[in-house]
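Examining the three-dimensional arrangement
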Amino acid sequence: MTAVSIFAASLLAVGLSILGAAAITMARMIVLPPQRRRADVRVLGVDADAGTVRLSITPDSAVDGQYSLWFDDDRGHALAGQIVERDADSVTRSVSAEHGRLPRPGDLARLGAWVYRHPSELGLPFEEVAVATELGEAPAWLIPAPHDTGRWVIHVHGRGVQRQECLRAVPVFHEHGYHSLVVSYRNDGEAPQSRDHRLRLGAEEWLDVDAALRLAIDRGAQSVVIMGWSMGGAIALQTVTRSPAASYVDGLVLESPVVDWVDTIRLQGDLVRMPRPVTTAAVRLLTSPLAPRLTGVSAPIDFDSLDFVARAGELRTPTLLLHSDEDGFVPPAPSRALARSRPDLVTYRRWRTARHTRLWNLDRNRWEQQVSDWLRGLESSSQ
């Protein structure tokens, strides 16, 4: 072997080693529950008298609507409303703080999608309940309907957030006579942890939603809708295709759902400028027998079972699917593909401008009208 070939072989070995290390790191990031959301917005100015805050431009801060504004390492909270002025470098939004103080100029902040921090802020009666999962009791909120219609909705939050994400959807279901059960699931920071403390992207989390479904049935549910946000959508799809009690589920409402994890992981890899070969290797690693040893997951992940574009023929549940073209985090193409494959079951509502899981925030009236119209159709078909 010549010196040149030896050098080339050495470079190849180093390159493969770097690719392998990067793939392991990315694979771990996919299955590790996120610990904290990054503060990426700078508070440039605050006018307490006018009730406005000026923020640096980011993909999220530049979109109109109502959001939570978190600052001071998430200890501070305010409500950021509509954009009242913008220039090349900043946006000025209305702001209010019902509890605590407004942010200060110079604070680092982030805009959050959910605006209700507790069901008490909805002005509706609620009850703290515990769902008996196979791992232990998982906390949940039960917001009862004014009258018992036998209709229930189970709200399932997404990856890296908790139950509060779902509270936005409660009022419209409440108006239609649904008892709302807002649940937690394994490894979300509230429910019991699995033995490996890793996310399974819906492949096991559905078991906790199945337990919530059984609680609803035990309390008299005759018809159930599952409302899933982001990864909660993936969990909802697993539930209706795997639960022995799926016959009680008469509908799905999916907001910005993960319909195909491989496409989602590719997009998220692109967002952090990860080379595609690394992303591909990370997915392959998670499916391989090496996954438990290198990533800590209890078993390899079957991404085929999580692909509901490929599994569209298995869907038996009427579904309302809402997704924005500008989601920016979970690609809408698989949602559109699922809708095209199952026009008999899937009602697709295409949005523009809204970011991931922020359709309600951009236009609450439109969001609630679309959900309300679909619920009326579902109720009519079941009579």
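From a predicted model like this one, the values you see are computed outputs, not experimental measurements.

Conventions we followed
Residues numbered from 1 in each chain as written. Predicted model: local features only at pLDDT ≥ 70, side-chain atom pairs only at ≥ 80, totals over all residues. Heavy atoms only, no water. Buried < 20%, exposed > 50% of the residue type's maximum accessible area, 1.4 Å probe, protein only. Helix = DSSP H or I, 4+ residues; strand = E, 2+ residues; numbered from the N terminus. Pairing = 2+ DSSP bridges. Right-handed = clockwise from strand over helix to strand, strands pointing away. Phe/Tyr/Trp six-rings, centres within 6.5 Å; stacked < 30°, edge-to-face > 60°. Lys NZ or Arg CZ within 6 Å of the ring centre and 35° of its normal. Patch = residues over 30% accessible without salt bridge, like charges linked within 9 Å, V, L, I, M, F, W, Y side chains within 5 Å. Areas by Shrake-Rupley, 256 points an atom, 1.4 Å probe, with all protein chains shown as cover. Salt bridge = Lys/Arg side-chain N within 4 Å of Asp/Glu carboxyl O. Axes fitted to C-alpha atoms, helices over the stretch in contact; angles between N-to-C directions. Contact = heavy atoms within 4.5 Å. Core = buried A, V, L, I, M, F, W, Y, C linked by side-chain atoms within 4.5 Å.

Attention now moves to the pairing of strand β9 (residues 151-156). Here β9 lies mainly inside the structure; five of its six residues are buried. Relative to strand β10 (residues 178-183), β9 runs parallel, the two sharing six bridges. Each residue of the ladder has a partner; that of R151, found in β10, is Y178. Handedness of the crossover joining β9 and β10 through helix α2 (residues 170-175): right-handed. Of the strand pairs in this sheet, β9 and strand β11 (residues 223-229) are connected by six bridges, and their pairing is parallel. If you follow V156 over to β11, its bridge partner there is G228.

Right, let's talk about the packing of aromatic side chains for a bit. Throughout the structure, instances matching the rule amount to four aromatic pairs. With a centroid separation of 5.8 Å and 10° between ring planes, the pair formed by W229 and W367 is classed as stacked. Of the two residues, W229 sits in strand β11 while W367 sits in helix α10 (residues 364-381), which places them 138 residues apart along the sequence. The exposure class of W367 is buried, given its relative accessible area of 0%. One Lys or Arg, R163, reaches over the ring of W141 and ends 3.9 Å from the middle of that ring.

Taken together, the side chains of L271, V272 and F329 define a hydrophobic patch exposed on the protein surface, amounting to about 280 Å² of accessible area. Inspection of the secondary structure assignment puts L271 in helix α5 (residues 261-271).

Let us now look at the sheet that holds β11. What the eight strands build is an open sheet, ordered β7-β8-β10-β9-β11-β12-β13-β14; its pairing is mixed. Of all strands in the sheet, those with a lone pairing partner are β7 (127-133) and β14 (346-351), marking the two edges. Pairwise comparison of adjacent strand axes, ignoring direction, gives a mean angle of 20° for this sheet. Its contacts with the sheet put helix α3 (residues 206-218) on β7, β9, β10, β11 and β12 (249-255), and the angle it makes with β7 is roughly 120°.

It is worth spelling out the nonpolar core at this point. Among the nonpolar cores identified, the biggest contains 64 residues, and I154, L181, L201, I226, L252, W261 and F303 are the most heavily contacted of them. Ranked by residue count, the leading element in this core is α3, at seven residues.

This part takes up the sheet that holds strand β5 (residues 90-96). Hydrogen bonds along the backbone pair up the strands of a sheet, which may run parallel or antiparallel. Strand order in this closed barrel of six strands is β1-β2-β5-β4-β3-β6, and the pairing throughout is antiparallel. Adjacent strand axes in the sheet meet at a mean angle of 45°, parallel and antiparallel pairs treated alike. Where strand β3 (residues 67-71) meets strand β4 (residues 76-86), five bridges bridge the pair, whose relative direction is antiparallel. Of the residues in β4, the one forming a bridge with L69 is A78.

A few words on the environment of P257. With respect to the helices, strands and loops of the structure, P257 is situated in the loop between β12 and α5. The spacing of P257 and L322 is 65 residues in sequence and 8.1 Å in space, taken between C-alpha atoms. Contact partners of P257, with chain neighbours within four places excluded, come to S230, G233, L321, L322, H323, V330 and S335.

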